[in-house]
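Descriptive analysis of the structure
Letter by letter, the chains look like this.
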Amino acid sequence: MRTALTIAGSDSSGGAGIQADIKTMMAHHVFGMSAITALTAQNTTGVIDIMEVTPKFLEEELQCIFTDIYPDAVKIGMVSSAELMEVIARNLKKYNAKKIVVDPVMVATSGAKLMEDTAIATLKRTLLPMADLLTPNIPEAEVLAEMEIFTEEDMIAAAQKISEAYGCAVLCKGGHQKNDANDLLYQNGTFRWFRGRRIENPNTHGTGCTLSSAIASNLAKGFSMEESVENAKNYISGALEAMLDLGKGSGPMDHAFRVEGVY
Ligand SMILES: Nc1ncnc2c1ncn2[C@@H]1O[C@H](COP(=O)(O)OP(=O)(O)OP(=O)(O)O)[C@@H](O)[C@H]1O
Ligand SMILES: Cc1ncc(CO)c(N)n1
């Protein structure tokens, strides 16, 4: 069985973070493991508190994982502080981690800050250069490319800039655009659109986490980057189309929509 690791924060409401990642890996029949960077007390209406693990504890989690069950792919999500970023970068290098997908989570769907502003410079120096794929949403791509994004041409320019700066593939996600949900993959100097109609579902809590762990699951199974993005885009569309409706705010998707029957 193929294996994947998520390095991210726990979401007590189960729709984003570690919980979304493990559910997504399981739906892909990939064995999911986790190195938790922080606990969050949150639900579909917002984040009320965050408790980070210590750098020592995160190091021990990574050591336990990499010295025993080696992950075929790694997904990095919420990492709130510079210190934890340093621990992750050092250990991924030490254990020669492969197929690294970095979702540069900065702000939750509800608007809560999940990364300290002062950590952005460390993110750029440590984690981004190690990534095989970066998956910023539009506001994150604006921060990383240091430009505003309004049009599809702007998405291409920003993705190119980020790809060249960090030597990796970039998937600029279009979930925050007004019309369709079109994602742009930029790699090796060329780009390809993964277009999807906007699904009228207000329950989009954890879409970014789910997409990046679906990509990591596909990479773990040996699919190419383009195939992995295509399969993951189909998965997220299906999970949104299942129209799960839980909670009082922006609810989670149905991660298991295709587990019965198809699998
Ligand atoms: N309403 C929608 N209909 C169809 N696809 C969507 C919709 N909203 C988001 N997506 C898709 O979900 C994926 C995640 O995109 P998005 O830009 O929302 O990420 P994000 O902002 O990082 O997510 P999060 O809200 O979890 O932080 C992308 O593939 C995007 O196209
Ligand atoms: C723990 C966690 N990671 C990421 C997100 C982004 O959706 C969230 N809301 N919570």
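Let us look at the structure shown here. Given the structure is predicted, the values throughout are model-derived calculations rather than measurements.

Conventions adopted
- Residues numbered from 1 in each chain as written.
- Chains lettered and ligands numbered in written order.
- Predicted model: local features only at pLDDT ≥ 70, side-chain atom pairs only at ≥ 80, totals over all residues.
- Heavy atoms only, no water.
- Axes fitted to C-alpha atoms, helices over the stretch in contact; angles between N-to-C directions.
- Helix = DSSP H or I, 4+ residues; strand = E, 2+ residues; numbered from the N terminus.
- Parallel < 35°, antiparallel > 145°, perpendicular 65-115°, else oblique.
- Left-handed = near helix turned anticlockwise from the far one by under 90°.
- Contact = heavy atoms within 4.5 Å.
- Nonpolar A, V, L, I, M, F, W, Y, C, P; charged D, E, K, R; others polar.
- Phe/Tyr/Trp six-rings, centres within 6.5 Å; stacked < 30°, edge-to-face > 60°.
- Buried < 20%, exposed > 50% of the residue type's maximum accessible area, 1.4 Å probe, protein only.
- Near = heavy atom within 4 Å.
- Polar contact = N/O pair within 3.5 Å; in protein donor to acceptor, adjacent residues only side chain to side chain.
- Areas by Shrake-Rupley, 256 points an atom, 1.4 Å probe, with all protein chains shown as cover.

A pair of packed helices is captured by two measures, namely the crossing angle of their axes and the spacing between those axes. Their axes nearest at 8 Å, the elements helix α1 (residues 17–27) and helix α7 (residues 207–220) cross at an angle of 40 degrees. By the angle between their axes, α1 is oblique relative to α7. Remark: the crossing between α1 and α7 carries right-handed chirality. Listed contacts from α7 to G17, A20, D21, T24 and M25 of α1 are C209, T210, S213, A214 and S217. Residues that form the contact of α1 with α7 fall into these classes: 4 nonpolar, 5 polar and 1 charged.

This next bit is on the packing of aromatic side chains. All chains considered together, the criterion is met by 3 aromatic pairs. When the ring of F66 is compared with that of Y95, the centres are 5.3 Å apart and the planes differ by 5 degrees; the resulting orientation is stacked. Highlighted residues: F66 in helix α2 (residues 55–66) and Y95 in the loop between α3 (82–94) and β5 (100–102), separated in sequence by 29 residues. Residue F66 is classed as buried on the basis of its relative accessible area, which comes to 7%. On the accessibility criterion, Y95 (15% relative accessible area) is buried. A centroid spacing of 5.4 Å and a plane angle of 40 degrees characterise the contact between Y235 and F257, whose relative ring orientation is tilted.

With that settled, the discussion passes to the packing of helix α5 (residues 138–145) against helix α6 (residues 152–166). In contact at an axis separation of 9 Å, α5 and α6 are set at 55 degrees when each is read in the N-to-C sense. In terms of orientation, α5 lies oblique with respect to α6. In this structure, α5 crosses over α6, and the sense of that crossing is left-handed. Only M155, A158, K161 and I162 of α6 make contact with α5, whose side of the interface consists of I138, A141, L144 and A145. A breakdown of the residues in the contact of α5 with α6 according to their chemical character gives 7 nonpolar, no polar and 1 charged.

It is worth spelling out the site of ligand 1 at this point. Near ligand 1, the surroundings consist of 18 residues, among which T109, K173, H176, D183 and I199 are the closest. At 2.9 Å, a side-chain N or O of K233 approaches an oxygen atom of ligand 1. For ligand 1, the protein covers 94% of the area, taking 620 Å² as the surface of the free molecule. Within the residue set of the shell around ligand 1, elements represented by two or more residues are α7 and α8 (225–241).

Function cannot be inferred from these measures alone, as they are strictly geometric.
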